[in-house]
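Each chain, written out:
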Amino acid sequence: MQEHETDSDALLMMRVADGDRNALCSLMDKWESPLLGFIYRYVQNREAAAELTQETFVRLYEARARFRGDMRFSPWIFRIAANLCRNYHRWRKRHPEDMAWDEACEATNAPQQGTMREEDNPAAALARRESISELKDAIAAMPHDLATTLLLYYYQELSYREIAEVIGCSERGVETRLYRARAWLSKELAQPVESRSGCGILAAGGML
Amino acid sequence: MKDSEENRTGIEKRLADWHVCVPADPSLKKQVLRRIDLLESQKAGLGFFGRILSWISQNQLPAAICSCAAALLVCAASIFFIGRAEHRAELMSRNYFMMIDPVAHVAAENASATGKEQSVVEMLAWMKTRFNLSRAQFSELVALHEEYKDHLMTLYTELSRVQDSYQTFEDQRLSDDAIDFMALYDLLQKRDSLREDSVATSRQLVELTLRVLTPEQKKEYLSLMESADSHPTTPKATPETHAGA
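Okay, so let's go over this structure. (Residues numbered from 1 in each chain as written. Chains lettered and ligands numbered in written order. Predicted model: local features only at pLDDT ≥ 70, side-chain atom pairs only at ≥ 80, totals over all residues.)

## Observations concerning the overall build of chain B
- When helices and strands are counted, chain B shows nine helices and one strand.
- Seen in sequence order, chain B has helices and strands lined up from the N terminus as α-β-α-α-α-α-α-α-α-α.
- For chain B, with 245 residues in total, the buried portion stands at 19%.
- The contacts of chain B with a sequence gap of at least 6 include a subset with a gap of at least 24, amounting to 69%. (Helix = DSSP H or I, 4+ residues; strand = E, 2+ residues; numbered from the N terminus. Buried ≥ 20, exposed ≤ 12 C-beta atoms within 10 Å, placed from the backbone. Contact = placed C-beta atoms within 7 Å.)

## A short note on the overall build of chain A
- A tally of regular secondary structure across chain A gives ten helices and one strand.
- Counting helices and strands in the order they occur from the N terminus, chain A gives α-α-α-α-α-β-α-α-α-α-α.
- Counting every position in chain A, which comprises 208 residues, the buried fraction comes to 36%.
- Partitioning the intrachain contacts of chain A with sequence separation of at least 6 by distance along the chain shows that 67% fall at a separation of at least 24.

## Overview of the packing of helix H3 (residues 46-62) of chain A against helix H4 (residues 73-94) of chain A
Residue and element names in this part refer to chain A.
- Between H3 and H4, the shortest axis-to-axis distance is 9 Å and the interhelical angle comes to 130°. Judged by the angle between their axes, H3 and H4 are oblique. Judged by the twist between their axes, the crossing of H3 over H4 is right-handed. In contact with Ala48, Leu52, Glu55, Thr56, Arg59 and Leu60 of H3, H4 contributes Ile77, Ile80, Ala81, Leu84, Cys85 and Tyr88. (Axes fitted to C-alpha atoms, helices over the stretch in contact; angles between N-to-C directions. Parallel < 35°, antiparallel > 145°, perpendicular 65-115°, else oblique. Left-handed = near helix turned anticlockwise from the far one by under 90°.)

## A look at the environment of Tyr42(A)
Residue and element names in this part refer to chain A.
- Here Tyr42 lies in helix H2 (residues 21-43).
- When the 27 C-beta atoms within 10 Å are taken as the criterion, Tyr42 is described as buried.
- Tyr42 sits 94 residues away from Lys136 along the chain, and the two C-alpha atoms are 8.8 Å apart.
- What Tyr42 contacts, discounting residues up to four positions off in sequence, is Cys85, Ala147 and Leu151.

## Some words on helix H8 (residues 160-167) of chain A
Residue and element names in this part refer to chain A.
- The buried fraction of H8 is high, at six of eight residues.
- For H8, the full list of buried residues reads Glu162, Ile163, Ala164, Glu165, Val166 and Ile167.
- Among the structural elements, H4, helix H7 (144-154) and helix H9 (171-188) are those in contact with the buried residues of H8.
- Of the residues one or two after H8, Gly168 is the one with positive phi, at around 85°.

Any functional reading would require information that these geometric values do not contain.
This is how it looks when you write it as structure tokens:
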């Protein structure tokens, strides 16, 4: 995150704290996409991701009085989102009967994953889908702290310091969690991408 | 930490492969603002206490202060009610020993109130919990005390009357110094006789009560009786006429 962007977001948030709805709309314009990306990768369900994004902004507004001028905005909002994701994840564990329905909906509504021209190489497309599917399963099975750290670092490009604020640990703790998250993925992904021969996965990755 | 470069690169490539394209929700702002309006209107409808609760929920410091205050209040209430329960149990046991000892009852009457008239079951209720009495023990004790209740009450009434008469003599002595010593002597004789009867009756009842109790219960009962007997609010009602009375 750029420092000046964070500052401007913090200023907008201060205006939200004063009851300025336009400032809230500006924040929604800017943060909807990053939040949706993070939440979708965490919960892996489009409907749930949209609802949780909406909930994040409502919670942000409700907690506006607790935001101080010296705080940074991105850890603040991602912290709210990460907590909501964790609650959703727990809820799904407690309500497995709803999971089947969610998964069925997700299968029909699944967003397009990747930008490669799959029609060019059907075999590569199939291998790639399988690879992503394995990755998603591994991340879904990951403990909350590891998944949050991994997603914020690789997809939202938050710094160690910002992630530390989200998770509530030290920067060293973030480094450790990232290491553990990668180790988790190595273990879970039985066949590393590099070891797959003839599928053109590496090439496909390079095309992105 | 061992995080081989090759392994790390492989994982990062796979992570980079996962692109998502979730379309933005065109109604997000509208939905969020609608929900915020709803929340605001709910809060406005909550009234004074609702607004206070809302303010507390939005601010950490008042929330922490309120939590501490609530915890202190609960502690204070617990201490108060436990103290009251203990005091009540003590009062009940004292009332019981007054009931079975008319002499002490009369003596204590001037020092402290002994409470309203109670049935035997009410009077013995404290023993049920204090001594962990069985249903059979409790029934036996109730029957036993029912048997003695009327006689003890008669003795108490007579002793009270003697006490009042003695007070009249005392008042007269202080005002005109003229005392009918023969009448006073008769009164004190009567009082001594009543006291002896009371002591004998009480002793009989205590002995019968002890037969119903187990050794542990007996020990506890006697210890309570001793402390009730030595209670400072049980002064002598009238002077002794002879040693050992």
